Amino acid sequence: MRTSHPTRRIVLAGTAAAAALTTLPAPTAQAHATEARSGSTAGGYRWRNAVIGGTGFVSGVLFHPARRGLAYARTDIGGAYRWDDRKARWTPLTDHLGWDDWNLLGVEAIALDPAHPDRVYLALGTYTQPWAGNGAILRSDDRGATWTRSDLTVKLGANEDGRGTGERLLVDPRDSDTLWLGTRHDGLLRSTDRGATWAPVTGFPAAPSASGQGVTLLVAAGRTVYAGWGDADGTSATANLFRTGDGTTWEAVPGSPTGAAAKVPIRAAYDRHTRELYVTYANAPGPNGQSDGSVHKLRTANGTWTEVTPVKPGGTATDGGTDAFGYGGVAVDARRPGTVVVSTNNRWAEIDTLFRSTNGGRTWTSLKDSAVLDVSETPYLKWGADKPKFGWWIQALALDPYDSKHLVYGTGATLYGTRDLKNWAPQIRGLEETAVRQLISPPTGQAHLISGCGDIGTMYHERLTASPSRGMASNPVFGSATGLAQAAAKPSYVVRTGWGDHGNGARSKDGGRTWEPFGTQPDIAKSAPGPIAVNADGSVLLWSFAHWDGTKYAAHRSTDHGATWAEVPSFPKGATPVADPVDPARFYAYDTDAGTLYASTDGGASFSPRATGLPAGDIQFKVVAAPGRTGDLWLSAKTNGLYRSTDAGAVFSKVDSCRASYTLGFGKAAPGADYPAIYQVGSTETRTAVHRSDDAAKTWTRINDDAHQWGWTGEVIVGDPRVYGRVYLGTNGRGIQYGEPV
């Protein structure tokens, strides 16, 4: 949804940059091949998603043209999926990508081979910035059950502008061993050995740049390959659509449309019955920033172009403003000649829609106007309102080649599907793309989990196997959550903070079921809401503030549940406040700039330094307090290791059993143990993994395996205080994973 604050997509890019510059390992230089096995158990654990349903941008969907019920989906930060038609759910295909390969969880493109239905190819790479690693190609002969990997020498940008444009990867229609890969900054590449090796295409007319979009789409029209180009200026002097009929010689397509409304080709689809290529255009690559667009078709037999735009952008919206938007997805009906569907994109005033034509674009019908949306399976899609929107950021669009009324389209949060062109519901089971920021597992109450996430705020999970029935926490509704805390001795009292247009903080007196906003809030809260802590008995709130660009501000304290606030000058600016779980007078804060632990013994009114000389220089260093104990603190300092203090932060000792610690949490103690189970994302040897310790960190057991890694998992982990062995893990695009001993 369009808001005045940064979305998780912007924030994640900045966070990734900061993390990469300080701690992330360098990408592997030489190419290698790996295979990932599938399975439901890992390290003696069974891993599943806590169900929310989607929550992220689905950037592409492809039905296989030669196999009924076979489809694939790609996401910008959460990997790729295969549709299981029998189970009516998506199967994740890239969970095997681990910590070092975090940048490969973004899928730039998918390619299918019409002649070999079991073959599938993925082009992976999330960012093209200098701090990100190179991209990679995964290829499979068994629909993604196993993969062979080839590392690229170029970068791909699945979470950058243009991520919802057409597939940039294509199997050549004349030769299944030949693949084409369109890049953003390195031109067009070709492989003649099924993606094992790649070389630049000589003679491709367009010249890449370090800051451009490059190739936006690759599509086959019969035996001809077309390539869209995103860096033209909209005039006839710079072409934006090229083609080759022999795989060697490329030319600009004559007569291509020009002007701002046809500046960037977004997607294309070929009607083999009428031999017409439909192309959607916009004045920017999207999914944001588009304000003009058009739809054109090319009769490939004679080169004639015809504009078939359903509604031209720029009219007057019902609110009196300008109805600005571009065009995005396009799909043709493989069974009905001349039947085509296109989507608008970035249409905030009148809300995006799908237009359908059955006569080659001469007339169109808006499917939104008659749509009945059922989001009962994923209630959060109402976004705190009475009913859901038809969609936004609609660039992924696909029509089942075996069912003319089975149409699906992606939005910024889900994938809607219909079987009758009227009744729509999320077709999203199994696809979880949440970027998770905070997790709480309450010691009492109906819910075993409360989550704080990017884009969808706070969720109260009554069940782990169904999307929360209350949807997003409301009163107020947040976009991205920035803080979540529970009073340890009064678990019915929960507070949350985040980005919102109607307040940035709220409290709950019933364990997170219902909420009321703070009576007031510091002025800085609207533009820099940060993490919050509540002391053990729920009488004191401590709220820290940091802008998404890294600027830090003074913390504020409330002793009347948010009715009034006072600045705490001695609190280290921007630090994360931590409440002692037993003593209501104690708070802690770690100054990551100085490597100093600060403590308060007067309920957060003042702070003084305690241990100094600890690891510094990384805002992702974290302090957590062990439950049921006073002053038992653990510091995760990434590759600097794990540290512990048992005297409220006066002295920290390094834990010898751990080489690296990224995030740490606690759960119910093992039978016969006198200390809570500790869960950690870190390393005891060389590989970063998920571990559990039942003996206060003397020894560790890895509880995930190579098939269950989910890229970067360094934000949050917490055990269940009521169920020994159960652990909840936040991922950066694969939702909440929870594991239980088999």
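Residues numbered from 1 in each chain as written. Predicted model: local features only at pLDDT ≥ 70, side-chain atom pairs only at ≥ 80, totals over all residues. Heavy atoms only, no water.

Peer 1: How would you sum up unusual backbone geometry? Please name residues and give values.
Peer 2: Residue Pro287 is bonded to the preceding Gly286 through a cis peptide linkage, with omega at 5°. Mapped onto the secondary structure, Pro287 falls in the loop between strand S20 (276-282) and strand S21 (293-299). Residue Pro476 is bonded to the preceding Asn475 through a cis peptide linkage, with omega at 0°. As for its placement among the helices and strands, Pro476 is situated in the loop between strand S36 (457-461) and strand S37 (481-487). Look at Arg275: it is not a glycine, yet its phi comes out positive at around 55°. Relative to the helices and strands, Arg275 is located in the loop between strand S19 (264-271) and S20. Accessibility expressed as a relative area gives 46% for Arg275, which makes it partly exposed. Positive phi is not limited to glycine here, since Ile351 has a value of about 75°. For Ile351, the location among the structural elements is in the loop between strand S26 (340-345) and strand S27 (354-357). (Helix = DSSP H or I, 4+ residues; strand = E, 2+ residues; numbered from the N terminus. Buried < 20%, exposed > 50% of the residue type's maximum accessible area, 1.4 Å probe, protein only.)

Peer 1: Help me get a handle on the packing of aromatic side chains, residues and values and all.
Peer 2: The final tally for this structure, using the stated rule, is 29 aromatic pairs. Ring centres of Phe325 and Tyr327 lie 5.5 Å apart, and the angle between their planes is 70°; this geometry places the pair in the edge-to-face category. Pair check on accessibility: Phe325 and Tyr327 agree, each one buried. Following the ring pairs from residue to residue traces out a cluster consisting of Trp180, Phe204, Trp229, Phe242 and Trp250. Against the face of Phe325 rests Arg347, its NZ or CZ located 4.5 Å from the ring centre. (Phe/Tyr/Trp six-rings, centres within 6.5 Å; stacked < 30°, edge-to-face > 60°. Lys NZ or Arg CZ within 6 Å of the ring centre and 35° of its normal.)

Peer 1: Account for the sheet that holds S27, with residues named and values stated.
Peer 2: Taken together, four strands build an open sheet; the order of strands is S25-S26-S27-S28 and the sheet is antiparallel. If you trace the sheet from one side to the other, it starts and ends with strand S25 (326-332) and strand S28 (365-366), each paired once. Inspection of the sheet shows S26 paired to S27 by four bridges, in the antiparallel sense. Residue pairing for S27: Val341 is matched across the bridge by Arg356. (Pairing = 2+ DSSP bridges.)

Peer 1: Got a sec to walk through the confidence of the model for the protein chain? Specific residues and values, please.
Peer 2: Of all residues in the protein chain, 94% have pLDDT values of 70 or greater, and the mean over the chain is 94. Every residue in residues 1-41 scores below 50 in pLDDT, and together they form 94 contacts with partners more than four places removed in sequence or on other chains. (pLDDT = per-residue confidence, 0-100. Contact = heavy atoms within 4.5 Å.)

Peer 1: Any chance you could break down a positive patch on the surface for me, citing the residues and the numbers?
Peer 2: Together, Arg68, Arg335, Arg336 and Lys405 give the surface a local cluster of positive charge. In this structure Arg68 comes out as exposed when scored by relative accessible area, which is 60%. (Patch = residues over 30% accessible without salt bridge, like charges linked within 9 Å, V, L, I, M, F, W, Y side chains within 5 Å. Areas by Shrake-Rupley, 256 points an atom, 1.4 Å probe, with all protein chains shown as cover. Salt bridge = Lys/Arg side-chain N within 4 Å of Asp/Glu carboxyl O. Lys, Arg positive; Asp, Glu negative; His and termini not counted. Charge placed at Lys NZ, Arg CZ, Asp CG, Glu CD.)

Peer 1: Provide a residue-level description of the pairing of strand S8 (residues 120-124), including the pertinent values.
Peer 2: Most of S8 is tucked away, with five of its five residues classed as buried. Because side chains alternate across S8, one face comprises the buried residues Val120, Leu122 and Leu124, and the other comprises Tyr121 and Ala123, equally buried. Bridge analysis of strand S7 (residues 107-112) against S8 gives five bridges, and the strand direction is antiparallel. Bridge pairing links Leu112 to Val120 in S8. Two strands pair when backbone bridges link them, and S8 and strand S9 (residues 136-140) are joined in this way by five bridges, in the antiparallel orientation. Residue Tyr121 lies in a different strand from S9, and its bridge partner there is Arg139.

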